[in-house]
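Here's the letter readout for the chains.
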Amino acid sequence: MSHKAKKRFGQNFLVDTRIIADIVRCIQPKPADHMVEIGPGLGAMTRPLLQQLKKLHVIEIDRDLIARLESDYPQDNANTPLIIHAQDALQFNLTILPAPLRVVGNLPYNISSPLLFHFAKYAERIQDMYFMLQDEVVERMVAAPSTPAYGRLSVMLQYRFSMEKLMDVPPESFRPAPAVNSAIVRMTPLPPSEILVRDETLFAQIVAAAFGQRRKTLRNTLKNYLTETDFEHLKIDAQQRAENLGVAEFARIAVFVKSV
Ligand code: SAM
């Protein structure tokens, strides 16, 4: 039976078998890997992944798609290789899955940023993550300081993950075709020794304040956190804007604010 794609669940199904094979090649699944796929949909990536894995967890919200998956992989079979979690991925507690965990997903683009932040919370349990996203979002994730795409999303993910854009995926690779270009990004948690941020809440507040008014100088946007003397002490030019500061400098500001 054919499935009518639902816009509210951001359903654009991958149909290009060459792209699917390229993605699976990038992921390099090993039989014993602990892996979870977000939004398996009609199983475009699920089936090739299952050919290489002993077990795969999937999280899907659409009851029609869940019913299809369940008919192919009955969940009352204790030996099923596919374990279906019929849930909203935004509410899913990743700690119930074994670690280190590999996360993959062609994400619904309407909720991609909240999903990225939700999974980022579990970085300690994650080996790596491979996501298909809107290309514009991937460009923002991997952007370097002083480039137009650099912003809050770049800083809030780069302090915790190393990220790499792996490939472009054109709209024709999906049914229905999305209105935008897509790309695959790999996110690998940084080792604890490379994480400079200690108080994540304070760091997030400072980054949000700095980028809240992107065109204003740091002197202005961070006035609730830093005095003129503080800027001098930190050797950070208060005339700059948030987009000019690297992740390490934001981390330095957060550590300083915490210490005074
Ligand atoms: N993986 C499939 C593919 O590549 O063809 C489907 C990708 S489609 C872009 C996104 C999938 O995520 C759909 O199956 C959709 O139903 C599911 N989805 C949307 N919102 C979700 C949510 N909050 N939690 C879990 N799954 C969701």
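Draft legend 1. Seen up close, helix α4 (residues 112–120). Among the residues of α4, those classed as buried are Ser112, Leu115, Leu116, His118, Phe119 and Ala120. Those residues of α4 that are buried are in contact with β2 (34–38), β6 (126–134), α5 (135–142), α6 (152–158), β7 (161–169) and β9 (182–189).

Draft legend 2. Spotlight on the packing of aromatic side chains. Summed over the entire model, instances satisfying the criterion amount to four aromatic pairs. Judged by centre distance (6.1 Å) and plane angle (70°), the ring pair of Tyr150 and Phe211 falls under edge-to-face. On the criterion of sequence distance, the pair formed by Tyr150 in the loop between α5 and α6 and Phe211 in helix α7 (residues 200–212) is long-range, its members being 61 residues apart. We classify Tyr150 as buried; its relative accessible area is 0%. When its relative accessible area of 11% is taken as the criterion, Phe211 is described as buried. Consider the rings of Phe211 and Phe250, whose centres lie 5.7 Å apart with planes at 35°: the pair is tilted. Here Phe211 is found in helix α7, whereas its partner Phe250 is found in helix α10 (residues 247–259), with 39 residues between them in sequence. The pair Phe211 / Phe250 is uniform in exposure class, with both members buried. Sitting above the plane of the Phe9 ring, Arg8 keeps its charged end 4.7 Å from the centroid.

Draft legend 3. How the structure looks around the site of the ligand. With respect to spatial proximity, 23 residues lie near the ligand, and among them Gly39, Glu60, Asp88, Ala89 and Asn106 are the closest. Within the backbone of Gly39, one N or O atom sits 2.7 Å away from a nitrogen atom of the ligand. Here a nitrogen atom of the ligand and a backbone polar atom of Pro40 are 3.4 Å apart. Protein contact buries 98% of the 600 Å² of open area that the ligand shows by itself. Sorting the residues of the shell around the ligand by element identifies β1 (13–14) and β3 (56–60) as the ones contributing at least two each. For the shell around the ligand, the per-class residue count stands at 12 nonpolar, seven polar and four charged.

Draft legend 4. Structural detail: the pairing of strand β4 (residues 82–86). Note: β3 against β4, five bridges, orientation parallel. Looking at the pairing, Ile59 lines up with His85 of β4. Following the chain from β3 across helix α3 (residues 63–72) to the adjacent parallel β4, one finds a crossover that is right-handed.

The rules behind each value
Every chain is numbered independently, its residues counted from 1 as its sequence is written. Local features in this predicted model are restricted to residues whose pLDDT is 70 or higher, and side-chain atom pairs enter the listing and the counts only when it is 80 or higher, whereas totals over whole chains, interfaces and linings include all residues. The side-chain numbers reported here are obtained from all heavy atoms of the structure, hydrogens and water having been left aside. Only protein chains enter the accessibility calculation, which uses a 1.4 Å probe; a residue whose area is less than 20% of its type maximum is buried, one above 50% is exposed, and one in between is partly exposed. Strands are runs of DSSP state E lasting at least 2 residues, helices are runs of H or I lasting at least 4, and numbering of each runs from the N terminus. Pairs of residues are marked as contacts when any of their non-hydrogen atoms sit within 4.5 Å. Stacked, tilted and edge-to-face are the three classes assigned to paired rings of Phe, Tyr and Trp, where Trp is represented by its six-membered ring and a pair needs centres within 6.5 Å; plane angles under 30 degrees give stacked, over 60 edge-to-face, the rest tilted. Ring-over charges, as used throughout, are those where CZ of Arg or NZ of Lys falls within 6 Å of the ring centre and within 35 degrees of the ring normal. A molecule or strand has a residue near it when one of that residue's heavy atoms lies within 4 Å. Polar contacts, as counted here, are pairs of nitrogen or oxygen atoms within 3.5 Å of one another; within protein the pair requires one atom able to donate a hydrogen and one able to accept it, and residues that are adjacent in sequence qualify only if both atoms are side-chain atoms. With residues, only the protein chains shown are counted as cover, and all accessible areas are computed by Shrake-Rupley using a 1.4 Å probe. In this classification, Asp, Glu, Lys and Arg are treated as charged, Ala, Val, Leu, Ile, Met, Phe, Trp, Tyr, Cys and Pro as nonpolar, and every other residue, Gly included, as polar. Pairing between strands is defined by DSSP: at least two bridges between them are needed. Crossovers are marked right-handed if the path from the first strand over the helix to the second runs clockwise, as seen with the strands pointing away from the viewer.

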